[in-house]
Amino acid sequence: MALDSKIPAGPIETKWTDHKFKLKLVNPANKRKYTIIVVGTGLAGGSAAASLAELGYNVLAFSFHESPRRAHSIAAQGGINAAKNYQNDGDSVHRLFYDTLKGGDYRAREANVHRLAEVSGNIIDQCVAQGVPFAREYGGLLDNRSFGGAQVSRTFYAKGQTGQQLLLGAYSAMNKQIHEGGIKFFPRHEMLDLVVIDGKAKGIVTRELNTGEVKSWAADAVLIATGGYGNVFFLSTNAMYSNATAAWRAHKKGAFFANPCFTQIHPTCIPVSSEHQSKLTLMSESLRNDGRVWVPKKAGDDRPANQIPEAERDYYLERLYPSFGNLVPRDVASRRAKEMCDKGHGVGSTKLAVYLDFSDAIKRLGKPVVEERYGNLFDMYKQITGENPYEIPMRIYPAVHYTMGGLWVDYNLQSNVPGLFVLGEANFSDHGANRLGASALMQGLADGYFVIPYTLGDYLATVGASKLTTDHEAFKKSEAEVKEVTKKLLAIKGKTTVDEFHKKLGHIMWDYVGMARNEKGLKHAIAEIQKIREEFWKDVMVPGSETEFNQELEKAHRVADFIELGELMAIDALERNESCGGHFREEFQTEDGEAQRDDEKYAYVAAWEFKGVGAKPELHKENLTFDYVKPSQRSYK
């Protein structure tokens, strides 16, 4: 099947402007004839729901949380990029476009990335108007700080609470529309199926998590904005509730899943301390602005950090990458940290950590300034570890964070299933094989505030308002299928808990589909995941019933999906015989240990079609062309 990305013709600087003019419109009086389902109410979903309701559409918004304020978007605290060039240090829309494309190791669409850079400034204006308390300089102008992968300061921030403050802005816009009747909000509802009629997405099936009620909902279009799938690894920086079920169930109904192996490892996470941990905590990348990363020069040096003199410390990122230093992109910083630990230079009790040291910044700036910039992050670190980072260096180690893969979408954010649109981290994104820091918030809000209000209207104007209701046979069939899977899970009555299966899957994924991959390991992972899937459906223990609040049943649905997705991730990683961004195949690296791409064979988006559980998925390729930025070996030296 040919994938039509619907990228407009013309110069890249005018593609989006020209495209918006050519898109069909729904006149204001007709907008109220349409019903739109939005699944997920984080930054992408919340901003989309608010924007579409403001335009006059009837919006049904669903969240498995009791409040949109619980969305995991709240955890992206470091900042949000925008090409406003307030610092007068050489930034521009083109430079943000270039940095993002290069940072993604040339595995993203040029047109999408340029549009993201174009609308970035509008996002800041929108959020300021909403009252988001961005940090300001003494003169009152908005402040900026640096982030990895860039040599300019373009990251707007609100202390260490940027994601939280941006989410509150979208949440307040949503609340206004809920109050005015434009949005009907359904908390504690989880999407368990996509309803497709005559090849078009026409609704969803949900389970109300407090009562277990399974119900159908009809609409003219469905928007999925449910975040990423990092929790397939069990331990990740994601909230424990974060999952892939909505996207995966849509995949099983025909939506292609693109680049699933592109997962991001974040370099600044609090290290694992025991097997009993249920999640990992991220220390924001903003800390690398003023923190210096180092390890002891001597392998096996067990002295406390403060007893190791300066001459015996290896500030390895500054040594290896003099131009970018501690602000190299996340994939590069993560691989180098693993490398140092593998060579015996790791610190802490597990030796799987490196230092992030703020002593120089405190001397240079003073403790009050450091506290003003990062105080909440330092407090969080101290509460978790019992160590005071003002006095001794933080210990950090890479961990699974963001997922660049997701459902395939075209330039209009529509999947290959007409009427199904995917926003934010749930789509295969604008980030290529690696996301630069401070661009997740940017993409989520760009999709919700400035892209989907235009592109959705074009689709609706083309197909017209639907007269469908949930009485249609397709809804009854989907409901029955959802109930059947639930009954099957409850009837197994095995001896192994859902968490045990999830942990077992997580170990396989981290060891063989994690920071480094190779052909032998990936084949082993696929075989092991298939065994886990077989065992799961024979021996999983799901207590309780389907007609009550049952978190074990919720988890069972999600882990069943994670097992299938984990297999696809390994298949995708095995298929891509190159290294790029977060996908690092040990067989394909430069002499310096950097990722080695193969642009001749692999400059494409890998979009996988579901062919049945246990059956080999079918690969569809969307070839990537680069007319404005010539792909080259990434160098941050």
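Above this text sits the structure in question.
The shown structure was predicted, so the numbers you read here are calculated from the model rather than taken from an experiment. (Residues numbered from 1 in each chain as written. Predicted model: local features only at pLDDT ≥ 70, side-chain atom pairs only at ≥ 80, totals over all residues. Heavy atoms only, no water.)

### Details of the overall build of the protein
Item 1. From N to C terminus, the protein includes 17 helices and 21 strands.
Item 2. Taking the principal axes of its C-alpha atoms as reference, the protein extends roughly 75 × 60 × 50 Å.
Item 3. Expressed as a percentage of the 637 residues in the protein, the buried residues total 61%.
Item 4. A separation threshold of at least 6 residues defines the contact pool for the protein, and within that pool the share at least 24 residues apart is 74%.
Item 5. Split by element, the accessible area of the protein, about 24,200 Å² in all, is 50% carbon and sulfur.
Item 6. Charge separation in the protein, taken as the distance between the mean sites of 79 positive and 80 negative side-chain charges, equals 1 Å. (Helix = DSSP H or I, 4+ residues; strand = E, 2+ residues; numbered from the N terminus. Buried < 20%, exposed > 50% of the residue type's maximum accessible area, 1.4 Å probe, protein only. Contact = heavy atoms within 4.5 Å. Areas by Shrake-Rupley, 256 points an atom, 1.4 Å probe, with all protein chains shown as cover. Lys, Arg positive; Asp, Glu negative; His and termini not counted. Charge placed at Lys NZ, Arg CZ, Asp CG, Glu CD.)

### Section: the pairing of strand S12 (residues 292-296)
For a regular strand, side-chain orientation follows a simple rule: the groups alternate between the two sheet faces.
Item 1. The buried fraction of S12 amounts to five of the five residues, a majority that puts the element mostly inside the structure.
Item 2. Of the two faces of S12, the one lined by Arg292, Trp294 and Pro296 and the one lined by Val293 and Val295 are each fully buried.
Item 3. Pairing geometry for S12 and strand S14 (residues 354-357), over three bridges, is antiparallel. Across the sheet, residue Val293 finds its bridge partner in S14, namely Leu356. (Pairing = 2+ DSSP bridges.)

### Here we look at the packing of helix H13 (residues 473-492) against helix H16 (residues 551-575)
Item 1. Put simply, H13 and H16 touch, their axes get as near as 11 Å, and they point 110° apart. In this view, H13 runs roughly perpendicular relative to H16, as classed from their interaxial angle. When H13 is examined against H16, the residues Val485, Thr486, Leu489 and Leu490 are found in contact with a partner set consisting of Leu553, Ala556 and His557.
Item 2. Each residue belonging to the contact of H13 with H16 can be placed in one class, and the counts come to five nonpolar, two polar and no charged. (Axes fitted to C-alpha atoms, helices over the stretch in contact; angles between N-to-C directions. Parallel < 35°, antiparallel > 145°, perpendicular 65-115°, else oblique. Nonpolar A, V, L, I, M, F, W, Y, C, P; charged D, E, K, R; others polar.)

### Observations concerning the sheet that holds strand S6 (residues 189-197)
Item 1. Taken together, three strands build an open sheet; the order of strands is S6-S7-S8 and the sheet is antiparallel. Two strands lie at the open edges of the sheet, namely S6 and strand S8 (214-218), each paired on one side alone. Strand-to-strand twist of the sheet, defined as the mean angle between neighbouring strand axes without regard to direction, takes the value 25°.
Item 2. Bridge analysis of strand S7 (residues 200-208) against S8 gives five bridges, and the strand direction is antiparallel. Following the sheet pairing, Val205 is matched in S8 by Ser216.
Item 3. Packing against the sheet, H13 makes contact with S6, S7 and S8, and its axis sits at approximately 135° to S6.

### Quick look at the pattern of salt bridges
Item 1. Following the criterion strictly, the structure yields 49 salt bridges and no others.
Item 2. As a salt-bridge pair, Glu554 and Arg558 come within 3.2 Å of each other at their nearest N and O atoms. You can see Glu554 and its partner Arg558 sitting in helix H16, four residues apart, about one turn around the helix.
Item 3. On the basis of relative accessible area, Glu554 is assigned to the buried category, the value being 2%. (Salt bridge = Lys/Arg side-chain N within 4 Å of Asp/Glu carboxyl O.)

### Some details on the environment of Asn306
Item 1. Along the chain, Asn306 turns up in the loop between S12 and strand S13 (313-314).
Item 2. Only 3.2 Å separates the side chain of Asn306 from the backbone oxygen of Glu391, close enough to count as a polar contact. (Polar contact = N/O pair within 3.5 Å; in protein donor to acceptor, adjacent residues only side chain to side chain.)

### Looking at the pairing of strand S15 (residues 394-403)
Item 1. Judged by how many residues are buried, S15 sits mostly within the fold: ten of ten residues are covered.
Item 2. Across four bridges, the pairing between strand S11 (residues 263-269) and S15 is antiparallel. Note that in S15 the partner of Ile265 across the bridge is Val400.
Item 3. Taken together, the three bridges between S14 and S15 define a ladder with antiparallel strand orientation. The residue of S15 that forms the bridge with Tyr355 is Arg395.

### Some details on the nonpolar core
Item 1. Judged by nonpolar contacts, the single largest core of 143 residues is most densely connected at Ile80, Leu223, Ile224 and Leu420.
Item 2. The contact partners of Leu223, leaving out residues within four places of it in the chain, are Ile36, Ile37, Val38, Val39, Ala48, Leu52, Phe421, Leu423, Ile452 and Leu456.
Item 3. One finds Leu287, Val295, Phe324 and Tyr390 within the second-largest nonpolar core, a separate group that totals 30 residues. (Core = buried A, V, L, I, M, F, W, Y, C linked by side-chain atoms within 4.5 Å.)

### Focus on the sheet that holds strand S2 (residues 58-62)
Item 1. With parallel pairing, the five strands of this open sheet are ordered in space as S5-S2-S1-S9-S17. Two strands lie at the open edges of the sheet, namely strand S5 (183-186) and strand S17 (420-422), each paired on one side alone. Taking the axes of each pair of neighbouring strands and ignoring which way they run, one obtains an average angle of 20° across the sheet.
Item 2. Relative to S17, strand S9 (residues 221-224) runs parallel, the two sharing three bridges.

### Here's the deal with the environment of Val347
Item 1. By the secondary structure assignment, Val347 is in the loop between helix H9 (330-342) and S14.
Item 2. Among the residues examined, Val347 registers a relative accessible area of 2% and is labelled buried.
Item 3. The residues touching Val347, leaving out its near neighbours within four places in the chain, are Pro296, Leu352, Ala353, Val354, Tyr355 and Arg395.

### Points about unusual backbone geometry
Item 1. At Lys159, a position not held by glycine, the phi torsion is positive, near 50°.
Item 2. Mapped onto the fold, Lys159 is located in the loop between strand S4 (155-156) and helix H6 (162-180).
Item 3. Assessed through its relative accessible area of 36%, Lys159 is described here as partly exposed.
Item 4. Even without a glycine there, the phi angle at Leu413 is positive, about 70°.
Item 5. With respect to the helices, strands and loops of the structure, Leu413 is situated in the loop between strand S16 (406-407) and S17.

### Description of the side chain of His251
Item 1. In this structure, His251 sits in helix H7 (residues 245-252).
Item 2. Setting aside its immediate chain neighbours within four residues, His251 contacts Phe256, Phe257, Leu407, Leu568, Trp608, Glu609 and Phe610.

### A word on helix H11 (residues 367-385)
Item 1. In a regular helix each residue adds 1.5 Å, so 19 residues correspond to 27 Å; H11 covers only 20 Å between its end C-alpha atoms and thus falls short of that length.
Item 2. At Tyr374, H11 is bent by approximately 85°, the largest bend along its length.
Item 3. Listed in full, the buried residues belonging to H11 are Val370, Tyr374, Gly375, Leu377, Phe378 and Tyr381.
Item 4. Tucked inside the fold, the buried residues of H11 contact helix H10 (359-365) and S15.
Item 5. Positive phi appears at Gly386, one or two residues downstream of H11, with a value of about 80°. (Expected span 1.5 Å × (residues − 1). Bend = angle between axes of the 7 residues up to and from the residue.)

Read these as spatial facts, not as claims about activity.
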